[in-house]
Amino acid sequence: MSVRRVPPLATWLLERAVVASCKETLVGDLSEQFRQGRSTAWYWRQTLRAIVVCAVDDVQRQTGLAVLAVGLSYILLVAAGYAASAIHDASGIPVWNWTVNHGFDGMRVWWFGGSGARYQPTNPMLVVQACVPVLVGWAIARLFGSRAPATVLCCAAFWTCVVSTSMLRWLTLDGTPVPIVALHPWSGAAAIKFIPMVNTGRFFALMNFLLVPFSIFLGGMLGRAPTAPLEHS
Amino acid sequence: MARSEFLGGFELLVLLALIRLGDEAYGVPISEAIEESSGRDVAIGSVYITLDRLERKGLVVSRLGEATPERGGRAKTYFKPTAKGLREAKQAQRTLMTLWNSVPQLEGGAA
C-alpha cells in the first residue's frame, strides 16, 4: 500500500512560517492525520491557521520586535527608492521602474519637487518590481532569525495597508489627490502628503496591491531556513 | 494565599480535554475531544499554542514520545497536567458552577 505524500508546499511553509517550540510535533501531527485519510484541503486549512495563530501569539509576546521589523522594512524600501532615483538621475536608465512606486513616488515628489508620477509601468516591470520587496523580506528574515515569521508577516500586513492607496486609483478619477506617507531623508520627519496620482489603470493598481505584501512574505520565507524548534524559557 | 490568573476559555477546554485523555494526550486527540464536545472545528496549531502557554504557567508538562514513519520521522509530544493544573481546573469548575447556578435563564435547557 503506497503512503500518501503530504502536500510539499504546505509543509515547506509550515517549517518556515511557524515559530513554536512544538513545530516539529505539529508538522508530525498533520502528516499523521493526512496519511490516515484527511484531505489536502484540510491540511492546507490547518497549515494556514497554524501560521496565523503562531504569528499572532509571537507578536503578542514580542511586540517591540514586530514594530522594529516594520520600521526596518520601511527604511529598506525607502533606501531602495532613493537609490533607484539617484541612479535614474545620474544615468538616465529607467531603474525607477525597478522599485515599488507608491510611497516612493510621493517621497520623490516631496524631496525633489515637481508633480505627477514619472513611473510608467509596463507588464515585464511588474515582475522586476517584485524583486525589491522580496529582498526586503529576505533581509528581515535574516536579521530577526527565529522571530522571522511573525515579523515578516507584520511587515507584509503593514505594506498591504500602505500600498492599498494604489487601490484608490481604482476608485478615484485621474488626478484626485490621495495621501502618501513620505519620509524626509535627512531630518527623518514623516508627513502625509496629498499627491495627485496619475491613473495607471486598474490592472496595475491591483497587481501592485497584491505584489508588495506577497513579495515581502515570499522573501521572508526564502530567507528563513528551517531551524531547530525554539525553546521557550 | 497566592493569586492565580484566570484561565482563558480555550485554555480551560484544552486543560479539561488533557485531564480526560490521561497519559496519551497529544495535539490530535486533544483537538478531536474538543471538536466532539463543542461541535466546532479546532485548529491543531491553536491547541499547541495553548499547551505552550499552559506549560509556561506550570499547569502542564510535556515529554517527547516516539517518532513514526507516518509522522515523517517526527516525534510526538505528550502532555499531562501538573498538580497545579488539576487545582486550577477544580477552581475553574467551582467558579463556573457557582456562577452558572445563579443564572436562572440557563437552567433546565430552556431556550
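The structure we're discussing is the one just above.
Residues numbered from 1 in each chain as written. Chains lettered and ligands numbered in written order. Predicted model: local features only at pLDDT ≥ 70, side-chain atom pairs only at ≥ 80, totals over all residues. Heavy atoms only, no water.

> What's the story with a nonpolar patch on the surface in this structure? I'm lost.
Residues and elements named next belong to chain A. Together, Trp138, Phe214, Leu218 and Leu222 make up a nonpolar patch on the protein surface, roughly 400 Å² of accessible area in all. Looking at where Phe214 falls in the secondary structure, it is placed in helix α10 (residues 202-223). Take Phe214: its relative accessible area is 51%, and that puts it in the exposed class. (Patch = residues over 30% accessible without salt bridge, like charges linked within 9 Å, V, L, I, M, F, W, Y side chains within 5 Å. Areas by Shrake-Rupley, 256 points an atom, 1.4 Å probe, with all protein chains shown as cover. Salt bridge = Lys/Arg side-chain N within 4 Å of Asp/Glu carboxyl O. Helix = DSSP H or I, 4+ residues; strand = E, 2+ residues; numbered from the N terminus. Buried < 20%, exposed > 50% of the residue type's maximum accessible area, 1.4 Å probe, protein only.)

> Sorry, what's going on with the interface of chain B and chain A here?
Many analyses report the size of an interface as the accessible area lost when the parts associate. Listed by partner, the interface residues are 23 residues for chain B and 27 residues for chain A. Regarding the contact of chain B and chain A, the summed buried area is about 2100 Å², with carbon and sulfur atoms giving 48% of it. Per-residue buried area on chain B facing chain A is highest for Ile49, Glu70 and Arg74 of chain B; these three make up 30% of the total on that side. The interface formed by chain B and chain A contains six salt bridges. With its nearest N and O atoms 2.9 Å apart, the salt bridge here joins Asp41 of chain B to Arg49 of chain A. Of all the secondary structure elements, the ones that give two or more residues to the side of chain B that touches chain A are α2 (27-38), α3 (44-56) and β2 (75-81) of chain B. Top contributing element to the side of chain B that touches chain A by residue count: α3 of chain B, with eight residues. Taken together, the residues of the side of chain B that touches chain A sort by class into nine nonpolar, five polar and nine charged. (Contact = heavy atoms within 4.5 Å. Buried area = accessible area lost by both parts, 1.4 Å probe. Nonpolar A, V, L, I, M, F, W, Y, C, P; charged D, E, K, R; others polar.)

> What is the right way to read the packing of aromatic side chains from this model?
The geometry of two aromatic rings is summed up by the distance between their centres and the angle between their planes. Under the defined criterion, the tally for this structure stands at three aromatic pairs over all chains. The interplanar angle of 70° and the centroid separation of 5.6 Å between the aromatic rings of Phe34 of chain A and Tyr43 of chain A together place this pair among those described as edge-to-face. Overall, Phe34 of chain A belongs to the buried group, its relative accessible area being 3%. Given the relative accessible area of 0%, Tyr43 of chain A is considered buried. With centroids separated by 6.3 Å and ring planes inclined at 55°, the aromatic side chains of Tyr48 of chain B and Phe79 of chain B adopt a geometry described as tilted. With Tyr48 of chain B in helix α3 and Phe79 of chain B in strand β2, this pair connects stretches of sequence that are 31 residues apart. Phe79 of chain B matches Tyr48 of chain B in its accessibility class, with the two residues each being buried. Lying over the aromatic face of Phe34 of chain A, Arg4 of chain A brings its terminal NZ or CZ to 3.9 Å of the ring centre. (Phe/Tyr/Trp six-rings, centres within 6.5 Å; stacked < 30°, edge-to-face > 60°. Lys NZ or Arg CZ within 6 Å of the ring centre and 35° of its normal.)

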